[in-house]
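Spelled out, the chains give:
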Amino acid sequence: MLSRRRQAIAKHTWWLGVFLLAVLLARLFYLQILQRRYYDFLADSIRSRIIPAIAPRGLIYDRYGIVLAESKSVYALDVLPYQIKNQDFVLNFLKNIKIDTSALERKLKNKDYLPYELLTVRRSLEPWQIAYIEENKQALEGVVISTRIIRHYPQGSAAAHVLGYVGQIGSTELSKLKNYGYQMGDIIGLAGIERYYDSYLRGVDGGQPLEVDTHGNPVRSLQTLEPVPGHNIQLTIDFALQQAAARALGSRKGAVVIVNPQTGEVLAMVSQPDYDPNYFSDFLSEQEWQELRAKDHPLYNRALGAYPPGSTFKIVTFLAALEAKIDTAKTFICNGSLVVNGRRFACWYLDRGGHGAQDLLKGFINSCNVVFYNLGLLLDPQKIADVAAAFGLGTATNIDLPFENNGFVPTARWKKRAYGQEWFPGDSLNMAIGQGYLLTTPLQMTLLTAAVANKQNRLFKPYLLHKIVSVTGRPVLQNKPEPVNTLPFAPQNLQLVRRLLREVVDDGTGINAKIDGLVIRGKTGTAENSGADHAWFVSYGPYENPDLALAVFVEEGGFGGTVAARIAREIYLWYDARQKEVK
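The model shown is predicted, which means the values in this text are computed figures rather than measured ones.

What counts, and where the lines are drawn
- Residues numbered from 1 in each chain as written.
- Predicted model: local features only at pLDDT ≥ 70, side-chain atom pairs only at ≥ 80, totals over all residues.
- Heavy atoms only, no water.
- Buried < 20%, exposed > 50% of the residue type's maximum accessible area, 1.4 Å probe, protein only.
- Helix = DSSP H or I, 4+ residues; strand = E, 2+ residues; numbered from the N terminus.
- Pairing = 2+ DSSP bridges.
- Axes fitted to C-alpha atoms, helices over the stretch in contact; angles between N-to-C directions.
- Contact = heavy atoms within 4.5 Å.
- Core = buried A, V, L, I, M, F, W, Y, C linked by side-chain atoms within 4.5 Å.
- Phe/Tyr/Trp six-rings, centres within 6.5 Å; stacked < 30°, edge-to-face > 60°.
- Left-handed = near helix turned anticlockwise from the far one by under 90°.
- Nonpolar A, V, L, I, M, F, W, Y, C, P; charged D, E, K, R; others polar.
- 1 Å grid on protein atoms, 1.4 Å probe; cavity = no way out; pocket = protein on both sides within 12 Å on 5 of 7 lines; lining within 4 Å.
- Points joined across faces, edges and corners; volume = space filled by probe spheres on them.
- Salt bridge = Lys/Arg side-chain N within 4 Å of Asp/Glu carboxyl O.

Chemist: Explain the pairing of strand E13 (residues 331–334) here, please?
Modeler: Regular strands show a simple pattern: their side chains alternate between the two faces of the sheet. Across the two faces of E13 the burial differs, with Phe332 and Cys334 buried and Thr331 and Ile333 not buried at all. Here E13 runs beside strand E16 (residues 356–359); their pairing, made up of four bridges, is antiparallel. Within the sheet, the bridge partner assigned to Cys334 lies in E16 and is Gly356.

Chemist: Would you mind going over the sheet that holds strand E12 (residues 266–272) with me for this structure?
Modeler: Hydrogen bonding along the main chain pairs the strands of a sheet, whether they run parallel or antiparallel. The strand order across the open sheet formed by five strands is E12-E11-E23-E22-E21, and the pairing between neighbours is antiparallel. The open sheet has two edge strands, E12 and strand E21 (521–527), and neither has a second partner. On average, adjacent strands in this sheet sit at an angle of 5° to one another, irrespective of strand direction. As paired strands, strand E22 (residues 534–541) and strand E23 (residues 548–554) are joined by seven bridges and run antiparallel to one another. Bridge pairing links Trp536 to Phe553 in E23. Contacts from helix H10 (residues 239–249) reach strand E11 (254–259), E12 and E23 within the one sheet, and its direction differs from that of E12 by about 35°. Sitting on the sheet, helix H19 (residues 491–507) is in contact with E21 and E22, with an inclination near 70° to E21.

Chemist: Explain the nonpolar core to me, please; I cannot follow it from the model alone.
Modeler: Generally speaking, soluble globular proteins have nonpolar side chains that are buried together. Residues Leu235, Met269, Val316, Phe318, Phe391 and Leu393 are the most contacted members of the largest nonpolar core, which totals 96 residues. Sort the elements by how many residues they give to this core and helix H18 (residues 442–453) lands first, with eight residues. Residues Leu249, Val563, Ala565 and Ala568 belong to the second largest nonpolar core, which totals 28 residues.

Chemist: Whenever I open this one, H10 confuses me. Can you help?
Modeler: Each turn of an α-helix holds 3.6 residues, which means side chains three or four residues apart point in the same direction. The complete set of buried residues in H10 reads Phe239, Leu241, Gln242, Ala244, Ala245, Ala248 and Leu249. Taken together, the buried residues of H10 touch strand E3 (67–79), E11, E12, E23 and helix H20 (564–582). Following H10 by one or two positions, Gly250 adopts a phi angle in the positive range, close to 65°.

Chemist: Explain the packing of aromatic side chains here, please?
Modeler: The description of two aromatic rings rests on the distance between their centres and on the angle between their planes. In this structure the tally under the stated criterion is 19 aromatic pairs. An angle of 90° between the planes, with centres 6.0 Å apart, marks the rings of Trp128 and Tyr132 as edge-to-face. With Trp128 and Tyr132 both in helix H5 (residues 127–135) and four residues apart, this pair spans about one turn of that helix. For Trp128, a relative accessible area of 38% corresponds to the partly exposed category. Take Tyr132: its relative accessible area is 42%, and that puts it in the partly exposed class.

Chemist: Please clarify how the packing of helix H12 (residues 314–323) against helix H15 (residues 381–390) should be interpreted in this entry.
Modeler: Two quantities define a packed helix pair, namely the angle between the axes and the distance from one axis to the other. It is at 9 Å that the axes of H12 and H15 come closest, and there the two elements cross at 115°. As H12 runs across H15, the sense of the crossing is right-handed. Here H12 contributes Val316, Thr317, Leu319 and Ala320 to the contact with H15, which in turn contributes Lys383, Ile384, Val387 and Ala388. Looking at the contact of H12 with H15 residue by residue, the class counts come to six nonpolar, one polar and one charged.

Chemist: When you look at the layout of surface pockets in this model, what are you seeing that I'm missing?
Modeler: Gaps between atoms show up when a probe of the same size as a water molecule is rolled over them. In this structure, the second largest pocket spans a volume of roughly 390 Å³. Looking at the second largest pocket, it is lined by 21 residues, and the ones nearest its centre are Trp348, Asn369, Ile433, Thr526 and Glu528. Counting residues per element, the ones that place at least two in the lining of the second largest pocket are strand E15 (343–346), helix H14 (369–378) and E21. A per-element tally of the lining of the second largest pocket places E15 first, with four residues. Partitioned by chemical class, the residues of the lining of the second largest pocket number seven nonpolar, ten polar and four charged.

Chemist: Explain the pattern of salt bridges here, please?
Modeler: Any two side chains of opposite charge can pair, on the condition that their charged atoms come close. Within the structure shown, the criterion is met by 20 salt bridges. Lys253 is the partner of Glu555 in a salt bridge, and the nearest nitrogen-oxygen pair spans 3.7 Å. Highlighted residues: Glu555 in the loop between E23 and H20 and Lys253 in the loop between H10 and E11, separated in sequence by 302 residues. Where Lys415 meets Asp427, a salt bridge forms, and the shortest distance between an N and an O atom there is 2.6 Å. Placement of the pair is Lys415 in helix H16 (residues 412–419) and Asp427 in helix H17 (residues 425–432), with a sequence separation of twelve residues. In this pair, the class of Lys415 matches that of Asp427, namely buried.

Written out as structure tokens, the structure is:
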């Protein structure tokens, strides 16, 4: 009996042993075979560190080789949380040397970091801050000073809205770009050219792998991965002209856009207020961010924003009238306003009793609203919309910058769909003088003017990129002019518009832009707004064969012929002086 019990116990023990052995083998198979790569990765992570070598972003030049953006080597401050023994002491020390620790404190409090992760606190230290840290290094375990490459804009705020700025990739951007090699922590272009051509500018990061001991101390170096610098970009921007336009605009809110009417190259693009893109090369404190937000939205590129064009749009209405074969000798009486369906529509000359008798030509030169109200009533609104569309209004120009506004050209079909309403005569009157639902960007109005100036009647796509070359000088991409439309108007009609634009400046509302000896053609605009009126002046010149087509827009600037035309005059004077100096 006892022997059978012992045999049973031995049998059960044997099977238990077999079972435990099978479990052990299964576990070993799982760890050694199925999870081998994962544990290899963990082992490598623990025994090795990679000191990243950030690839320098490519340089950005203006058309004459002036450096607008470059990469600069600086001393950065990082911390290794697991090595910090006295957190309060470290944080107070950094605060005392004027280093913002708010972001670091949030990460430490929430433990929002990986084991052994190096947390960057500041990307660019001042020499005196480095000296203080080095003097107290023994008490600052976990605080690391290392060299780092940051983006630097040597011209400061000049051309800020063209260049944009860089910053750490966010979760939204990362989800879109992770399949293109982007990783958390990467520095990418967030606005302007930096964003649009980021894939060319960013290069490929390298690094120095180190084998470390259990305390994180380096034991030996492994194979180095050299960073590959990004490509260099040359823009079409003429930086000296850009500065001249910025000086002329001054501290007024608004924009100046200048293009070559023969090619569509953007020579200058100014938006005020502006900002210093170097601000974003380090961490932005809460106070700095609030300052940026409070200052009339300086990050907003007004050159690509949409506004009512006011009387500058009369170029479109006038061409629509010519194409509809309305007699230019037809005369209207301006008593300062026109009443339609019981509603009074005013002319800007109302305070002086109106312009009196005006034919179409005088109405254009004097920018008489009553003449254009009548044209609005005579014309099919769709015809005006078609002429606007031929100039590209209502559609993004596809310039090589992000966040461009489409503008808007209303139609009867749109109004019916959007509001369930018919197109009223008042809508036609507003549209004819560039008001109502109509919206255009300063860039679009510049291109419209350039197309009128172009003797081949071509509308060009605007562009800022001239070429991209590798760091060794190898051509990567060469841009070229791209006509997107040939104006479908009778040549004599365009020629008449050109003649009248000259008379607007010589003897009309644009006389403040007149310069003896130079040939300036332009059209003023004063757009009604919920606040003060917006001032516009679109023009081309300064010679018979024009080099420049430009739009000046001053937000709440008042009368276009007074404010915007004078800004344009200052730009043309500067340009002519430089041309003479070059010769």
